[in-house]
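Spelled out from the first residue to the last, the chains are:
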Amino acid sequence: MMQLLTDYFVALQGWLFDTLVQPLLFAFGLASYVEMGFDGVEFVLLGSIELAIAYALMRPLEALWPAEQWKQRQAVRVDVLYTLLNRLGLVPLTVFALLAPIFMELESWLRFNNIIPRQLEDWLPGLDYHPLVSFLIYLVILDFAEYWRHRLSHTFGWWWALHGIHHSQRQMSFWTDSRNHLVDDLIAGLWFACLSLFIGVPPGHFIGLLIALRLVENLSHTNTRLTFGGIGDYLLVGPRYHRWHHALELPADPRFRYGCNFAILFPVWDILFDTLYLKEYLPPTGIHEGSAEEVAARDNFWAQQKLGLVLLWKALSSRKKQSPSG
Ligand SMILES: [Zn+2]
Ligand SMILES: [Zn+2]
């Protein structure tokens, strides 16, 4: 089944590339970007498929079984824009174009010095014969790294200056998943690329891993009362679980000073590292902004991008002024 889908996907990618992208690249004298163009088609296609599935599954949940009823949906618009920029490839492809030269340098440096990054299959040779097990192991490793990336983006003031944009949404919906400052996207891309270099995600798994991750992420932001049940909510991150991560009022416990429920896929990381908080009811979402500019930026893409940079600058320059212990 998976093989059949992959075959269809590759055929569609080839057709789109041959009939649309390649002629355009040649027409504009960009023949040297042909290989990049081919990968770009894959990205855009994946994003579109994932978004179509997310819309078909999650929009009805929000309409029929919402966690919150909204009189107006205006605040959602900016998140739709983020999602289109992200899933239709503009943001990921820009991030890729910026990072690719750095990683090519790094890879050739490693090769020059005879350092060959090991793949998971080198440690566990049996994995070659068990693609599903290997897929799940990669998923768990990626999710572990995502937990720490997410947790640190709440802990460091300069990083929170950027990640706070994701949390300023008070009408959280499945579109909110992509609401991230562009610099935050760049850091996330760097994080992911470093990890991929060291554990060597096999290309055959890449499509499945990306779609699985994104679907769960979209679902966990969905404005719905749906839960996975008393036990299920502790096994996979769902709408109730992630809503507590976005809660306007943080639980009053020093453990949750920087937040709770940082896990992206599997709550087990929050359980292990003592950052889990879950209650029966569904709390309102958002953050308490510190200034009128921050409140004004809630619904505006450019204001959010500017605000993130201003807050980032403030956080970095106030750090320099502090004593070394601070
Ligand atoms: Zn967060
Ligand atoms: Zn979120």
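The following paragraphs examine the structure supplied in this document.

Tetrahedral coordination by four donors puts the ideal angle at the metal at 109.5 degrees, and octahedral coordination by six puts it at 90 or 180 degrees. At 2.1 Å from the zinc ion (ligand 2) lie its protein donor atoms, namely H166 (NE2), H221 (NE2), H242 (NE2) and H246 (NE2). Geometry at the zinc ion (ligand 2) is irregular, judged from its four donor atoms and the angles of 88 to 169 degrees they form at the metal. Here the donor residues of the zinc ion (ligand 2) share one chain and are spaced in sequence as H-x54-H-x20-H-x3-H. Here the zinc ion (ligand 2) and the zinc ion (ligand 1) are spaced 5.3 Å apart. Pair noted here: H166 is in helix 7 (residues 157–167) and H246 is in the loop between helix 11 (239–245) and helix 12 (268–272), with a separation of 80 residues, a long-range link. H246 gets classed as buried once you look at its relative accessible area, which sits at 1%.

Coordination of the zinc ion (ligand 1) by the protein comes from H150 (NE2), H154 (NE2), H163 (NE2), H167 (NE2) and H245 (NE2), over a distance range of 2.1 to 2.2 Å. Mapped onto the polypeptide sequence, the residues donating to the zinc ion (ligand 1) form the spacing pattern H-x3-H-x8-H-x3-H-x77-H. The class for H154 is buried, based on a relative accessible area of 7%. Residue classification places H245 among the buried residues on the basis of a relative accessible area of 3%.

Looking at where L16 falls in the secondary structure, it is placed in helix 1 (residues 2–27). Since its relative accessible area comes to 24%, L16 is described here as partly exposed. Between the alpha carbons of L16 and F38 there is a distance of 9.2 Å; along the sequence they are 22 residues apart. Excluding anything up to four places from it in sequence, L16 contacts V21, V41 and L45.

Pairing between side chains of opposite charge can happen when their charged atoms approach one another. Applying the stated criterion to the full structure yields twelve salt bridges. Across the pair D79 and R179 runs a salt bridge, and its minimum N-O distance is 2.8 Å. Note that D79 is positioned in helix 3 (residues 77–87) and R179 in the loop between helix 7 and helix 8 (182–199), a separation of 100 residues in sequence. In this pair, the class of D79 matches that of R179, namely buried. For R255, the salt bridge is made with D253, and the minimal N-O distance between the two is 3.6 Å. Take D253: its relative accessible area is 28%, and that puts it in the partly exposed class.

Moving on, we get to the nonpolar core. Y138, L139, L195, I199, V201, L209 and L265 are the most contacted members of the largest nonpolar core, which totals 15 residues. Of all elements in the fold, only helix 6 (131–155), helix 8 and helix 9 (203–221) reach the threshold of two or more residues within this core. Top contributing element to this core by residue count: helix 6, with five residues. With residues near it in sequence (within four places) discarded, L195 still touches I141, L142, A145 and G200. With ten residues, the next largest nonpolar core counts Y147, A263, L276 and L278 among its residues.

What counts, and at which threshold
- Residues numbered from 1 in each chain as written.
- Chains lettered and ligands numbered in written order.
- Predicted model: local features only at pLDDT ≥ 70, side-chain atom pairs only at ≥ 80, totals over all residues.
- Heavy atoms only, no water.
- Donors = N, O, S within 2.8 Å, 3.2 Å for Na, K, Ca; no water.
- Tetrahedral: all angles 85-135°; square planar, octahedral: opposite > 155°, others 65-115°.
- Helix = DSSP H or I, 4+ residues; strand = E, 2+ residues; numbered from the N terminus.
- Buried < 20%, exposed > 50% of the residue type's maximum accessible area, 1.4 Å probe, protein only.
- Contact = heavy atoms within 4.5 Å.
- Salt bridge = Lys/Arg side-chain N within 4 Å of Asp/Glu carboxyl O.
- Core = buried A, V, L, I, M, F, W, Y, C linked by side-chain atoms within 4.5 Å.

Geometric values such as these leave the question of function open.
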